[in-house]
Amino acid sequence: MKRISLTQYLVEEQRQNNTIPAELRLLIEVVARACKTISHAVGKGALGEVMGSAETENVQGEVQKKLDIISNEILLEANEWGGHLAAMASEEMETIHPIPNRYPKGEYLLLFDPLDGSSNIDVNVSIGTIFSVLKAAEGMGEPTEQDFLQPGSQQVAAGYAVYGPQTVLVLTTGNGVNCFTLDREMGSWVLTQRNMQIPAETREFAINASNARHWFPPVTRYVNELLAGDAGPRGSNFNMRWIASMVADVHRILNRGGVFMYPADAREPGKPGKLRLMYEANPMAFIVEQAGGAATNGARRIMDVQPEKLHQRVPVFLGSKSEVERVTSYHQA
Ligand code: P6P
């Protein structure tokens, strides 16, 4: 495949499919540049005095790592001056972050989990950035949280970066999914996979099995059938992976299929799973569907869920279509 840069891809995509207006192209390039900076900070590890806890908590009540805060700052500073955004929202910030009045405001809303998989930072396991782009409502005044509460089907772009053996950026603007690899010597993102497609069938599943005793019956039934292997109702053996970094698990699934599950369970009835709808589940659901996969909350498409709170959680079943449809059907039984 001819190697082209992210910029060339975005320009050609706009020319051929008109899915990337100039302001959105600027937004994507600014976010991609911020991910390069985050990759550099993450890559320093202990040499950069960026490891360990920041001794603060985020809105979720989770202890923040220094790199969580550094990554959040990088994304805020990179995006606030460009004139392409009206406001931002982040897993690391309780309220939305309007663009300061000293800068012009644009028509897009950017949401992100600046560094997903933080528990893996200190043990050198892949982590990443997840982002979602919505359009602000016509004639919107001062942005409020309400302006962000749009279903995932309204996203105009979504992507993630994985800071792993390679640093990759996976992106969709609604016309397929493409992967760019960071050329560290040139400092540029290079198109390395076009139009990624998730195999509909798979023999691999991802779930945190230590929670098995808390699962509700549909998940227990589905996983037990996988564990029964070729002696059970599925008639095949299955493999399990759990990296505890959603970006890494999703990237594996985009490349070789699989089903990723973070279900609600009996531990906290008022807490529907762990993952957040607006800046984890929705962007990943957009990407997975654009790659021919499926993403539900056990009852319906994740991208059809009407958000009520910026940081609300949602159960997640995503990946190879046939498996997601099966585990979702068990919830209707
Ligand atoms: P557990 C990381 O903290 C994260 O939000 C996702 O990236 C990951 O899939 C999940 O939580 C891991 O959760 O309960 O297995 O540690």
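Residues numbered from 1 in each chain as written. Predicted model: local features only at pLDDT ≥ 70, side-chain atom pairs only at ≥ 80, totals over all residues. Heavy atoms only, no water.

Draft legend 1. Just the pattern of salt bridges, in detail. Taken as a whole and judged by the stated rule, the model has 16 salt bridges. Here Arg252 ties to Asp249 by a salt bridge, and the two come within 2.9 Å at their closest N and O atoms. Here Arg252 pairs with Asp249, and both are found in helix α6 (residues 246–256), just 3 residues apart, close to one helical turn. Asp249 carries the same exposure label as Arg252, and that label is buried. Residues Arg276 and Glu280 are paired through a salt bridge, measuring 3.7 Å at the closest nitrogen-oxygen approach. (Salt bridge = Lys/Arg side-chain N within 4 Å of Asp/Glu carboxyl O. Helix = DSSP H or I, 4+ residues; strand = E, 2+ residues; numbered from the N terminus. Buried < 20%, exposed > 50% of the residue type's maximum accessible area, 1.4 Å probe, protein only.)

Draft legend 2. Examining the nonpolar core more closely. Counting residues in hydrophobic clusters, the biggest one holds 46 residues, and the most contacted among them are Tyr160, Leu254, Phe260, Met284, Val316 and Leu318. Here this core gets 9 residues from one element, more than from any other, and that element is helix α7 (residues 277–290). Not counting residues within four places of it along the chain, the set of residues in contact with Met284 comprises Ile130, Tyr160, Met246, Val247, Val250 and Leu318. Counting 43 residues, the second largest nonpolar core, distinct from the first, contains Leu10, Ile28, Cys35 and Ile38. (Core = buried A, V, L, I, M, F, W, Y, C linked by side-chain atoms within 4.5 Å. Contact = heavy atoms within 4.5 Å.)

Draft legend 3. Examining the pairing of strand β13 (residues 259–262) more closely. Side chains of β13 alternate between two faces, with Val259 and Met261 and Phe260 and Tyr262 buried alike. Where strand β11 (residues 204–206) meets β13, 2 bridges bridge the pair, whose relative direction is parallel. Its bridge partner being in β13, Phe205 is matched across the sheet by Val259. Here β13 pairs with strand β15 (residues 316–319) via 4 bridges, running antiparallel. Residue pairing for β15: Tyr262 is matched across the bridge by Val316. (Pairing = 2+ DSSP bridges.)

Draft legend 4. Structural view of the domain arrangement of the protein. Split into domains, the protein comes out as domain 1 (6–193) and domain 2 (204–332). For domain 1 versus domain 2, the separation of C-alpha centres amounts to 23 Å. Between domain 1 and domain 2, the contact holds 50 residues from the first and 31 residues from the second. Carbon and sulfur atoms supply 61% of the area that domain 1 and domain 2 bury against each other, a total of about 2900 Å² over both sides. When the buried surface of domain 1 facing domain 2 is broken down by residue, Ile130, Leu149 and Tyr160 rank first, second and third, together holding 20% of it. Our count for the domain 1 to domain 2 interface comes out at 1 salt bridge. In this structure, Arg276 and Glu91 form a salt bridge, with 2.8 Å as the shortest nitrogen-oxygen distance. The tally of links from domain 1 across to domain 2 stands at 17 residue pairs in polar contact (both at pLDDT 80 or more). When contributions to the side of domain 1 that touches domain 2 are tallied by element, the ones reaching two or more residues are β3 (85–90), β5 (108–116), β6 (127–135), α4 (145–148), β7 (157–163), β8 (167–172) and β9 (177–183). With 7 residues, the single largest contributor to the side of domain 1 that touches domain 2 is β6. By residue class, the composition of the side of domain 1 that touches domain 2 is 24 nonpolar, 20 polar and 6 charged. (Domains from an automatic or database assignment. Buried area = accessible area lost by both parts, 1.4 Å probe. Polar contact = N/O pair within 3.5 Å; in protein donor to acceptor, adjacent residues only side chain to side chain. Nonpolar A, V, L, I, M, F, W, Y, C, P; charged D, E, K, R; others polar.)

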